[in-house]
Amino acid sequence: MAGAGPGLALGGLLDYKTAKFALTRNRRVGLLHRLLQLGVLGYLLGWVLLVRKGYQDTDRAPRAAVVTKLKGAAAVAGTSRRLWDAADYARPPQGEDVIFLVTNFIATAQQAQGTCPESAAVLDAVCTEDADCPMGNPVARGNGIKTGKCVMFNTTHSTCEIYGWCPVENSTLPRKPLLAEAENFTLFIKNTVHFTKFNFSKCNTLQTNDPTYFKTCLYDSFFSPSCPVFRVRDMVEAAGETFGDLALLGGSIGVRIEWDCDLDQPAARCQPQYSFSLQDRSYNFRTASYYWDSQRQLHRNLLKLYGIRFDISVHGQAGKFSIVPAAVSIGTGIAFFGAATVLCDLVLLYLDAKAEFYWKEKFEEAKPPKCKTEAAA
Amino acid sequence: MAGAGPGLALGGLLDYKTAKFALTRNRRVGLLHRLLQLGVLGYLLGWVLLVRKGYQDTDRAPRAAVVTKLKGAAAVAGTSRRLWDAADYARPPQGEDVIFLVTNFIATAQQAQGTCPESAAVLDAVCTEDADCPMGNPVARGNGIKTGKCVMFNTTHSTCEIYGWCPVENSTLPRKPLLAEAENFTLFIKNTVHFTKFNFSKCNTLQTNDPTYFKTCLYDSFFSPSCPVFRVRDMVEAAGETFGDLALLGGSIGVRIEWDCDLDQPAARCQPQYSFSLQDRSYNFRTASYYWDSQRQLHRNLLKLYGIRFDISVHGQAGKFSIVPAAVSIGTGIAFFGAATVLCDLVLLYLDAKAEFYWKEKFEEAKPPKCKTEAAA
Amino acid sequence: MAGAGPGLALGGLLDYKTAKFALTRNRRVGLLHRLLQLGVLGYLLGWVLLVRKGYQDTDRAPRAAVVTKLKGAAAVAGTSRRLWDAADYARPPQGEDVIFLVTNFIATAQQAQGTCPESAAVLDAVCTEDADCPMGNPVARGNGIKTGKCVMFNTTHSTCEIYGWCPVENSTLPRKPLLAEAENFTLFIKNTVHFTKFNFSKCNTLQTNDPTYFKTCLYDSFFSPSCPVFRVRDMVEAAGETFGDLALLGGSIGVRIEWDCDLDQPAARCQPQYSFSLQDRSYNFRTASYYWDSQRQLHRNLLKLYGIRFDISVHGQAGKFSIVPAAVSIGTGIAFFGAATVLCDLVLLYLDAKAEFYWKEKFEEAKPPKCKTEAAA
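Residues numbered from 1 in each chain as written. Chains lettered and ligands numbered in written order. Predicted model: local features only at pLDDT ≥ 70, side-chain atom pairs only at ≥ 80, totals over all residues. Heavy atoms only, no water.

Under an unreviewed UniProt entry, the name given to chain A is p2X purinoceptor 6-like, and the source organism is Patagioenas fasciata monilis. Word for word, the UniProt comment on chain A under Subcellular location (unreviewed entry) is "Cell membrane". You can read under Catalytic activity (unreviewed entry) in the UniProt record for chain A the words "Ca(2+)(in) = Ca(2+)(out)". (UniProt positions renumbered as here; feature names shortened; annotations may be inferred.)

Structure follows, in structure tokens:
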């Protein structure tokens, strides 16, 4: 800002020019100036450098690879007793960052294309005569195309006959979740983060030589924070729900893995935090498997699956000393020192009792000589 | 920058030093200086603070959870009439951020391992004699390993016999998409974004007490922008394609959800924008289901599925007042005030007619006394 | 910083005030000052502008769409010869950013719910008498619920009888990967990146008019870097593994696509770099398909699949000239010029032999007149 006017010769280049100041014995403005300088210094050192780590470059968009595995088995006593293991209840089987645990389902076996009465639970399908069922129209939110007939659904209801996959799905859900024991199943989450900007990678699993560690440990935020095996019930409860409610109609739990790494410190201190939140209080989807029977007719087994969807998301930031953000932070602070001076000058020149005097001292009038030839010489 | 030299005693600490200026009555340079200052002020207030919101910290990497559901049913009149519902045409059934709607397919039922003539559509397989089919070589871009024989494929073509899944897939696609009615199906997209830096979450679905709202509404960018139910044809047309073309050979549509949130304003004004773009004009994949027949031989039903793949991506940025970026923006602006002064000084000292005079006024020579003992005293 | 005190009248507004300097012929401090200025200039031009491109706004969080396709076929000579094609070995079939290539498997056909001896490989199941198998307890890391009996597993071992899917999986893996020829299969990766901040999109596939290009080319980092078709063995070897080892017990390979685009240059120079890394030395999962037999009993075919999981992640940054970061970078640099002056002043006023003299020259004492009325006049 100052001292930028070079001399007239090479020798002049090395003259040092220092800004001239008028020294005022004004204690009030002097005190104000020092206080402002202290304030700027405090902001610079305390807030920008210590708290916000303004000397660090940060990477807030890590890339994350997630591998998940649901484990556990439970016997379900339904119409017939059945054991469920991971191959039965985990979708998709590969274990990616969204994984679904079946806790309840409605099975509709051996559906085939044909005509049958629509479910009485579908409002649009309830009818009293054939005219209520115009042929060719699809049933709104139903399972097929109306054939034009009104038929008996059960002893109390008549519904439109439809063309579609028959028989239609029975929409009454069991009162209790079929797979209530799933609360003790575990979810293993292996997560590797990579901070591109610093080429730094870290995994959430402990580097251990004990091969059975991950098979026996269970995550606890206090006692074993580095064991990435989570019990399903613990996760649901951490999200503020009870397992039984969620298991009945399904739901979606967000699992958030948060990395906050200061790479100016040892890498071992960079550990993830886990948090769980409820995303949805209902979750289901339908899936079907197909086969041909001995008469070469296509059949399908329809499953409406209810369960808990775990949505694993990885967040993170890493910071590391870098010259550019440090320079920006410090340079900005320096500019504020200048602002402090400007403010004090305003007080001195406009608010002080002797403002007029200071004005003249500060701004010395420079009257150019009238005679140009003399100046040019 | 200025006034940084502390006094010799505690009292001196509170002396206020104000930079001395030479007051020149040079109107031209004065005008230039004021204009430059106005320019810097305008840049600072107008561009940095108003337009670019330089006082805000921004988060450009929100985490997004996406749940999708395809809905609709249609009867297809093929060799036999068949109704398609969501369990039939949606892959994967869970509804993640990539969802695929089957609109056309080639089914090859009851394949088994064995030998059969390769398809005549595979260039490498056309032959006239056995020598054209060296045994053990795989057919380039074909379906199996050559057995060494050249056999009749149909009345006009001979092809190499292969070992592989037989019979081979018939590569002629129907002229019209089988599931042409899929244009009226709907895609429900539930999207929650989370801006980590500000711990702010928002969902794209309207907070409503009407349980049937999402079952009856349809997205319209003007009339119902907060209904996240999109008709397939509308999406394809918004991407600049016609549904019929895309349904025949498949394609990929990018659905972009864009959040631009100013968190200094009410959260209700933070609403997503949807846009649609064509990513690919062709998309298909093969999938198979396996079974053992009564002779315990493995069979599979091969499906080559064509259809529309929806790739939902969530973009977003959120800004909120924060002291550090505000300080950086303002501090930078202050530095430019200094730059304006330097520029005016250069004009005054080098370009002005009375430059020589101003030079002497600005830089008062300080000649140190020759006698060192006196200065030290 | 300077010249901010407006005059008393409109005319005064256009007076130009230039900071006064004391010109010292101190060569040492003058040299120091010039060197510091050169240093700041060098830092500003060389590091901030040239190397770090501080004049550019950067977008480090591109959105990426990835479509993948595994291709190839191989005949496996097992108990019976079988040809594997993409529909057999690729999971999920859609080809998203995580794709799995089956290289080995353990098939357990025709499991049904019932009782059978647990596998002798499960430690918890080995028993000598019925008391070792408390009824109702699940076998730890096993396949079912103990029935309370200890039964013969084979001629040398006895294990607890369990209720579950029977027979249990045979946990001995073949010594060689079944699909050893998968090393010659190829993975096609189509990747589109979108830099939201600059609304710039690019695809990794060459814009070519030759329809067979992607069917015949093979990626080579030197000879054909724009062919996105990768041979499986090449990828495994680039990750530092041998295909045979990984194929036996599975593994996970991270495929990283890195875009570093300077949008101030032609878009054609924005090309991705591919790199491969080993994420895991073991990877497997179980999946099952279900069917009802002629007695309407549910059966499943269980597959434990080993293979190579490709985790494709897209990283990138794009930079483009923007006025705000340019102003921040330059403004910061200007602030450092001020810092250089402060440093030189300190040397001059405290370390120089004639410091006392310079002090008095720099800080001219301004003694306000004692008589207030005069000053106010």
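Asker: Quick one: what's the story with the sheet that holds strand β18 (residues 363–366) of chain C, residue by residue and with numbers?
Answerer: Hydrogen bonds along the backbone pair up the strands of a sheet, which may run parallel or antiparallel. Here we have 3 strands laid out as an open sheet, ordered β1(B)-β2(A)-β18(C), and mixed in their pairing. Edge positions in the sheet fall to β1 (16–19) of chain B together with β18 of chain C, since each of these pairs with one other strand and no more. Averaged over all pairs of adjacent strands, the angle between their axes in this sheet comes to 35 degrees, without regard to strand direction. Relative to β18 of chain C, strand β2 (residues 21–24) of chain A is paired through 4 bridges, and the arrangement is parallel. Bridging across to β18 of chain C, Phe-21 of chain A finds its partner in Phe-363 of chain C. With respect to the sheet, helix α8 (residues 355–362) of chain A is in contact with β2 of chain A, β1 of chain B together with β18 of chain C, its orientation differing from that of β18 of chain C by roughly 150 degrees. (Pairing = 2+ DSSP bridges. Helix = DSSP H or I, 4+ residues; strand = E, 2+ residues; numbered from the N terminus. Axes fitted to C-alpha atoms, helices over the stretch in contact; angles between N-to-C directions. Contact = heavy atoms within 4.5 Å.)

Asker: Explain the UniProt feature "transmembrane region" (unreviewed entry) in chain A to me, and be specific about the residues and the numbers.
Answerer: All names here are of chain A. Within this numbering scheme, the UniProt entry marks residues 31–50 and 330–351 as carrying the feature "transmembrane region" (unreviewed entry). Across residues 31–50, helical content stands at 100% and strand content at 0%; the span's end C-alpha atoms are separated by 26 Å. End-to-end, the C-alpha atoms of residues 330–351 are 31 Å apart, and along that stretch the chain is 100% helix and 0% strand.

Asker: Pulling in residues and values, what's your account of the interface of chain B and chain A?
Answerer: Taken residue by residue, the interface counts 66 residues in chain B and 80 residues in chain A. For the pair chain B and chain A, the summed buried surface comes to about 7000 Å²; carbon and sulfur atoms form 58% of the total. Counting the contacts that link chain B with chain A gives 9 salt bridges. One salt bridge in this structure joins Arg-300 of chain A and Asp-88 of chain B, with 2.7 Å as the shortest N-O distance. At the boundary of chain B with chain A, the tally comes to 31 residue pairs in polar contact (both at pLDDT 80 or more). With 11 residues, the top contributor of residues to the side of chain B that touches chain A is helix α7 (residues 323–351) of chain B. Considering only residue class, the side of chain B that touches chain A consists of 31 nonpolar, 16 polar and 19 charged. (Buried area = accessible area lost by both parts, 1.4 Å probe. Salt bridge = Lys/Arg side-chain N within 4 Å of Asp/Glu carboxyl O. Polar contact = N/O pair within 3.5 Å; in protein donor to acceptor, adjacent residues only side chain to side chain. Nonpolar A, V, L, I, M, F, W, Y, C, P; charged D, E, K, R; others polar.)

Asker: Residues and numbers for unusual backbone geometry, please.
Answerer: Along the chain, Arg-91 of chain C connects to Pro-92 of chain C via a cis peptide bond; the corresponding omega equals -15 degrees. Position of Pro-92 of chain C among the secondary structure elements: in the loop between β7 (90–91) and β8 (98–117). Cis rather than trans, the peptide bond between Cys-166 of chain C and Pro-167 of chain C has omega equal to -5 degrees. For Pro-167 of chain C, the location among the structural elements is in the loop between β10 (158–166) and β11 (186–195). One non-glycine residue, Lys-53 of chain B, lies in the positive phi region at around 50 degrees. The phi dihedral of Arg-296 of chain C is positive, around 60 degrees, even though this residue is not glycine. Turning to its location among the elements, Arg-296 of chain C is positioned in the loop between β16 (284–292) and β17 (298–321). Looking at Arg-296 of chain C, the relative accessible area reads 60%, which means it is exposed. (Buried < 20%, exposed > 50% of the residue type's maximum accessible area, 1.4 Å probe, protein only.)

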